[in-house]
Amino acid sequence: MTKHTESEKTASMHNIDMELIEMTLDVMKYAIHRITSTSLEMGSPKKEEELRRLVGETVTDTGIGGENAFQLFKDVLIKATVPIDHPRHLAFVPAAPTRAAIMFDLVTAASSIHGAYWMEGAGGIFCENEAMKWLVSLTGLPKPAFGVFTSGGTAANLSALVAAREYWRKNPEHQNIKGLIITSVGAHSSVKAMAKVIDVDLMLVETEDAMSGQALQGILKTLDIQQRKRLFAVVATGGTTNAGIIDDLSGIAEICETEKLWFHVDAAYGGGALAADSVRHLFNGIERADSITIDPHKWLFSPYDCGAVIYKDPQLAREAHSQEGSYLDIFKDEGAHGFNPSDYQIQLTRRVRGMPLWFSLAMHGTDKYKWAVEQGISLANLAGRLISENPVVELVREPSLSCVLYRRKGWTPDDYRDWTYKNQREGFALVTPTKWKQGDTYETVARFCFINPDTTEEDIVAILGTMG
Ligand SMILES: Cc1ncc(COP(=O)(O)O)c(C=O)c1O
């Protein structure tokens, strides 16, 4: 064994010394301040050269010191980011992690738990599974449905599609042919990207509005024998990213059952609304899905990154994802018996990323989650009313879930772009334009997506006010 000299030992970065203790206090002070802050600075990006000029070289042979690096982070780098939980961040799909969940994210990091296998991570995986039980109950999927937390919606969609493809490949006739999936234009880009990853073809139902069972039936009728043989899955969306639209899940489920197709529902954004009594009926049919994506880091108030994939028959996912290796055999041994999250999605080593959600659920109870999700829906309806009453703007379509599409009368795409940048530059708001198809043309319009229950009517009025 190598003997370390005294000076080598004191130089080790795994030592506990005064500098480390002071750093720990500084970091905790920062975290407490950020967690309890009610007035966040919007922040905006700077060019890379500018950031480099401001912070200099930070990774050097001997290090620049924790205090120094942390100061640069606080003075410069954090200011070049937009806090996703700012109440006037209404772009893309924002987030608003609960303070309890953020605190427990710190605890999760500090606890160094390997979340792949029960043998190492049992206590943490137990917490994740408690949260997962609630998620599964929201879907109405019957036993033995269960799921695992993933790095996000993309990884959840990929994991589900791999499970679907492997199930289809069990038929020897399907072993040497390329698979085919049907989804709609309104499906998220990640579905299309993951189809590329697994090298399957994609057919799109030509609508950004709700994909109906009828439209799916229509496209099925156009398939030739070879295409029909290659078709193995239909991906419906439970809340489109652009407009919060929910496909006709019952109609699609019916067809998938008759045609023996895997039915995946991407509810990465909309899935949180399964907890909201006011809109739950819109998701009817989701309980017939083979797999479902729900992202707690979107509308279930978890810190990044936390997605989830749920399977009607987890055994099929296990057959698709379970990794083999002599070094892994022990995890599968009776003695280490338990639920191994790595068997059900694409990742091996994983953080127990469902723990912050579990803690927040345990602390607050599920009723508060229902209330917070309903709040996003109420804000969207309120924005719809405010837009209808404002003469310079008009709704493009009625609000759906927590998304609102509206136009500023007379504006060009450049006007929307300049308005977005101006609001961000001034540290006021982040609201970005999108496109919506009207007839054969795409119109640039403004879009709100509400997640944060702390967004107020005054925020919405003030943002509309910036449109002149
Ligand atoms: C419907 C839908 N699916 C999938 C994704 C991808 O999720 P992630 O960015 O967590 O990978 C998103 C992201 O906005 C989404 O809205």
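Residues numbered from 1 in each chain as written. Predicted model: local features only at pLDDT ≥ 70, side-chain atom pairs only at ≥ 80, totals over all residues.

**With respect to the sheet that holds strand β3 (residues 201-205)**
What links the strands of a sheet is backbone hydrogen bonding, and the strands pair in either a parallel or an antiparallel sense.
Then step 1. If you walk across this open sheet you meet the seven strands as β1-β7-β6-β5-β4-β2-β3, and the pairing is mixed. A single partner strand is all that each edge strand has here, and the edge strands are β1 (146-150) and β3. Ignoring strand direction, the axes of neighbouring strands in this sheet form an average angle of 20 degrees.
Then step 2. Sheet analysis places β1 next to strand β7 (residues 307-311), joined by five bridges and oriented antiparallel. Across the sheet, residue Thr150 finds its bridge partner in β7, namely Gly307.
Then step 3. Across the face of the sheet, helix α7 (residues 153-169) comes into contact with β1, β4 (231-237), β5 (262-267), β6 (291-294) and β7 while running at roughly 25 degrees to β7. (Pairing = 2+ DSSP bridges. Helix = DSSP H or I, 4+ residues; strand = E, 2+ residues; numbered from the N terminus. Axes fitted to C-alpha atoms, helices over the stretch in contact; angles between N-to-C directions. Contact = placed C-beta atoms within 7 Å.)

**Thoughts on unusual backbone geometry**
Then step 1. Note the cis peptide between Lys143 and Pro144, where omega equals 5 degrees.
Then step 2. As for its placement among the helices and strands, Pro144 is situated in the loop between α6 (118-139) and β1.
Then step 3. A positive phi angle, near 45 degrees, is found at Ser112, a position not held by glycine.
Then step 4. For Ser112, the position within the fold is in the loop between α5 (99-111) and α6.
Then step 5. Note on Ser112: 7 C-beta atoms within 10 Å, which makes it exposed.
Then step 6. One non-glycine residue, Leu401, adopts positive backbone phi at about 50 degrees. (Buried ≥ 20, exposed ≤ 12 C-beta atoms within 10 Å, placed from the backbone.)

**With respect to the domain arrangement of the protein**
Then step 1. According to the domain assignment, the protein contains domain 1 (113-364) and domain 2 (366-465).
Then step 2. One C-alpha centre belongs to domain 1, the other to domain 2, and the line joining them spans 29 Å.
Then step 3. Each side of the interface is counted separately: domain 1 has 21 residues, and domain 2 has 18 residues.
Then step 4. Of all the secondary structure elements, the ones that give two or more residues to the side of domain 1 that touches domain 2 are α12 (296-299) and α15 (355-364).
Then step 5. Broken down by class, the residue content of the side of domain 1 that touches domain 2 amounts to 11 nonpolar, seven polar and three charged. (Domains from an automatic or database assignment. Nonpolar A, V, L, I, M, F, W, Y, C, P; charged D, E, K, R; others polar.)

**Re the site of the ligand**
Then step 1. Near the ligand, the surroundings consist of 14 residues, among which Gly152, Gly153, Thr154, His188 and Ala268 are the closest.
Then step 2. It is α7 that provides the largest number of residues to the shell around the ligand, a total of three residues.
Then step 3. Classifying every residue of the shell around the ligand by side-chain character gives three nonpolar, nine polar and two charged. (Near = placed C-beta within 6 Å.)

**Section: the sheet that holds strand β8 (residues 393-395)**
Then step 1. If you trace the four strands from one edge of the open sheet to the other, you get β8-β9-β11-β10, paired in antiparallel fashion. The open sheet has two free edges, formed respectively by β8 and β10 (433-438), since each of these has just one partner strand. Within the sheet, the average angular offset between the axes of one strand and its neighbour, ignoring direction, is 50 degrees.

**Re the packing of α6 against α15**
Then step 1. In contact at an axis separation of 8 Å, α6 and α15 are set at 65 degrees when each is read in the N-to-C sense. The element α6 and its partner α15 pack so that their crossing is left-handed. Of the residues in α15, those touching α6 at Gly124, Cys127, Glu128, Glu130, Ala131 and Trp134 are Met355, Leu357, Trp358 and Leu361.
Then step 2. A class-by-class count of the residues in the contact of α6 with α15 yields seven nonpolar, one polar and two charged. (Left-handed = near helix turned anticlockwise from the far one by under 90°.)

**Description of the nonpolar core**
It is characteristic of soluble globular proteins that their nonpolar side chains tend to be buried jointly.
Then step 1. Counting 117 residues, the largest nonpolar core has Ala233, Val234, Ile252, Ala308, Ile310 and Phe448 as its most contacted members.
Then step 2. The element contributing the most residues to this core is α7, with eight residues.
Then step 3. In terms of domain composition, this core takes at least three residues from each of domain 1 (113-364) and domain 2 (366-465).
Then step 4. Setting aside its immediate chain neighbours within four residues, Phe448 contacts Leu90, Ala380, Ala383, Cys403, Val404 and Val431. (Core = buried A, V, L, I, M, F, W, Y, C linked by C-beta atoms within 7 Å.)

**Section: the pairing of strand β2 (residues 180-184)**
Then step 1. The buried fraction of β2 is high, at five of five residues.
Then step 2. Of the two faces of β2, the one carrying Leu180, Ile182 and Ser184 and the one carrying Ile181 and Thr183 are both buried.
Then step 3. Summarising the sheet, β2 and β3 pair through five bridges and their orientation is parallel. What sits directly across from Ile181, in β3, is Leu202.
Then step 4. Handedness of the β-α-β unit built from β2, helix α8 (residues 189-197) and β3 comes out right-handed. (Right-handed = clockwise from strand over helix to strand, strands pointing away.)

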